[in-house]
Amino acid sequence: MELDLAGAELKAVLNRLRRAQGQISGVIRMIEEGRDCEEVVTQLAAASRALDRAGFAIIATGLQQCLTDIEDGRKTDEDRDQMRARLEKLFLSLA
């Protein structure tokens, strides 16, 4: 399954990933500085949510592309079933 992110979708996913990257860098600094455990875990949870949201956005884009392909007649029933299984597996990997 190819990922075809364009325009606003691409920007939103990249922003979420950059936010997570910054939060992870912050967690590393906090641990190195010996910061409070609660603060570290709170920041780590925020990074995890940002990564999850980026993943769900990517899956949603894949689902949208799959539906467009089906509507345009570019997917057979077998293709559609395989794509559904793959998207379900991806979704569950984030759940």
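What counts and how
- Residues numbered from 1 in each chain as written.
- Predicted model: local features only at pLDDT ≥ 70, side-chain atom pairs only at ≥ 80, totals over all residues.
- Heavy atoms only, no water.
- UniProt positions renumbered as here; feature names shortened; annotations may be inferred.
- Patch = residues over 30% accessible without salt bridge, like charges linked within 9 Å, V, L, I, M, F, W, Y side chains within 5 Å.
- Areas by Shrake-Rupley, 256 points an atom, 1.4 Å probe, with all protein chains shown as cover.
- Salt bridge = Lys/Arg side-chain N within 4 Å of Asp/Glu carboxyl O.
- Helix = DSSP H or I, 4+ residues; strand = E, 2+ residues; numbered from the N terminus.
- Buried < 20%, exposed > 50% of the residue type's maximum accessible area, 1.4 Å probe, protein only.
- Contact = heavy atoms within 4.5 Å.

- As annotated in an unreviewed UniProt entry, the chain carries the name Copper-sensing transcriptional repressor CsoR and comes from Streptomyces showdoensis.
- As recorded by UniProt, the Sequence similarities (unreviewed entry) comment attached to the chain reads in full: "Belongs to the CsoR family."

**Quick word on a nonpolar patch on the surface**
Here comes step 1: Residues L10, L14, L17, I24, I28 and L51 make up a contiguous nonpolar surface patch of about 440 Å² in total accessible area.
Here comes step 2: With five residues, the top contributor of residues to the nonpolar patch is helix α1 (residues 7-32).
Here comes step 3: Mapped onto the elements of the fold, I28 is located in helix α1.
Here comes step 4: With a relative accessible area of 45%, I28 lands in the partly exposed category.

**Some points on the side chain of Q23**
Here comes step 1: Note that Q23 resides in helix α1.
Here comes step 2: The contact partners of Q23, leaving out residues within four places of it in the chain, are Q43, A46, A47 and A50.

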